[in-house]
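# Breakdown of the fold
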Amino acid sequence: AQSVTQPDARVTVSEGASLQLRCKYSYSGTPYLFWYVQYPRQGLQLLLKYYSGDPVVQGVNGFEAEFSKSNSSFHLRKASVHWSDSAVYFCVPITGNTGKLIFGLGTTLQVQP
Amino acid sequence: EAAVTQSPRNKVAVTGGKVTLSCNQTNNHNNMYWYRQDTGHGLRLIHYSYGAGSTEKGDIPDGYKASRPSQENFSLILELATPSQTSVYFCASGGGAGEQYFGPGTRLTVL
């Protein structure tokens, strides 16, 4: 079965610092993968998506992610974080047959001023 | 602007009462979903739909019904609400590529 692991439950960085949120996937083929963000007391917003092709995908608000088949990873990056990036970030795969998304607990990002 | 909206945004219900949560989407997506989000569990899929007139059970359907009367509308129904159904409920719509777009959520408290 397809699954992802976000090994860091919580990440704290200073404003202006670079960011990497880790995501490791387990899947025999090439998975479809998304990153979602949930700001406090709001719904989830799609940051970016990967289906195939160029392993580096660009998202909204300066986020990007890189798919690595050799490392089974889909890490999220941002060159310089802002305090408003504080949120919960979810790395989400699609199940192959039903198209259902699989949500874990995500990674909580706290940006300190 | 294409969007997913939910109503009500907040609801307090009594145990044993009937609760209906409504969702409307203007994305013209075929698929719609209902999730609940609880601390320690992430988002869990309750029901989903592939189009008007269809509903499918998700991972935790017990105690919930769903109705999809049109392309735009998808309702979640709690016939006999229980305190264990206190949660934040999210509706989403999705197209054929798999990504889903979420509403702002409904905070339900069952007393």
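Every value quoted in this text rests on a predicted model; they were computed, and no experiment measured them. (Residues numbered from 1 in each chain as written. Chains lettered and ligands numbered in written order. Predicted model: local features only at pLDDT ≥ 70, side-chain atom pairs only at ≥ 80, totals over all residues. Heavy atoms only, no water.)

### Some details on the overall build of chain B
In terms of regular secondary structure, chain B is built from zero helices and 11 strands. Ordering the α and β elements of chain B from the N terminus gives β-β-β-β-β-β-β-β-β-β-β. For 111 residues, the compact-globule estimate of 2.2 N^0.38 gives 13 Å, and the C-alpha radius of gyration of chain B, at 13 Å, lies within 12% of that figure. Once the C-alpha set of chain B is aligned to its principal axes, its extents read approximately 40 × 25 × 25 Å. Counting over 111 residues, chain B shows a buried share of 52%. Considering only contacts in chain B between residues 6 or more positions apart, those separated by 24 or more positions represent 53%. Within the structure as shown, chain B displays about 5,000 Å² of accessible surface, and the carbon and sulfur contribution to it stands at 50%. Taken together, the 9 basic and 8 acidic charged side chains of chain B have centroids lying 9 Å from each other. (Helix = DSSP H or I, 4+ residues; strand = E, 2+ residues; numbered from the N terminus. Rg over C-alpha atoms; globule rule 2.2 N^0.38 Å. Buried < 20%, exposed > 50% of the residue type's maximum accessible area, 1.4 Å probe, protein only. Contact = heavy atoms within 4.5 Å. Areas by Shrake-Rupley, 256 points an atom, 1.4 Å probe, with all protein chains shown as cover. Lys, Arg positive; Asp, Glu negative; His and termini not counted. Charge placed at Lys NZ, Arg CZ, Asp CG, Glu CD.)

### Re the sheet that holds strand β8 (residues 73–78) of chain B
All names here are of chain B. In space, the four strands of this open sheet follow the order β1-β3-β8-β7, with antiparallel pairing throughout. Edge strands, defined here as strands with exactly one partner in the open sheet, are β1 (4–7) and β7 (65–67). Averaged over all adjacent pairs, the angle separating strand axes in this sheet is 20°, with direction ignored. (Pairing = 2+ DSSP bridges. Axes fitted to C-alpha atoms, helices over the stretch in contact; angles between N-to-C directions.)

### Quick look at the state of the cysteines
Under the criterion given, the structure shown has two disulfides over all chains. One disulfide in the model links A:Cys23 with A:Cys91; its S-S distance is 2.0 Å. Taking the sign of the S-S torsion, about -65° here, the bridge from A:Cys23 to A:Cys91 comes out left-handed. Of the two residues, A:Cys23 is situated in the loop between β3 (19–21) and β4 (24–26) and A:Cys91 in strand β10 (residues 87–93); the sequence distance between them amounts to 68 residues. Grouping residues by exposure puts A:Cys23 and A:Cys91 together as buried. Shown here is the disulfide that connects B:Cys23 with B:Cys91, its sulfur atoms set 1.9 Å apart. On the sign convention where negative means left-handed, the S-S torsion of about -80° between B:Cys23 and B:Cys91 marks this disulfide as left-handed. (Disulfide = S-S within 2.5 Å.)

### Structural notes on unusual backbone geometry
With omega at -5°, the peptide bond leading from B:Ser7 into B:Pro8 counts as cis. Position of B:Pro8 relative to the elements: it lies in the loop between β1 and β2 (10–13). Look at A:Asn61: it is not a glycine, yet its phi comes out positive at around 55°. Inspection of the secondary structure puts A:Asn61 in the loop between β7 (56–58) and β8 (64–68). Of note, B:Asn28 is a non-glycine position whose phi angle comes to about 60°, a positive value.

### Thoughts on the pairing of strand β2 (residues 10–14) of chain A
All names here are of chain A. Side-chain alternation along β2 places Val11 and Val13 on a buried face and Arg10, Thr12 and Ser14 on a face that remains uncovered. As paired elements, β2 and strand β11 (residues 107–112) share five bridges and run parallel to each other. Looking at β11, one finds that Val13 is bridged to Val111.

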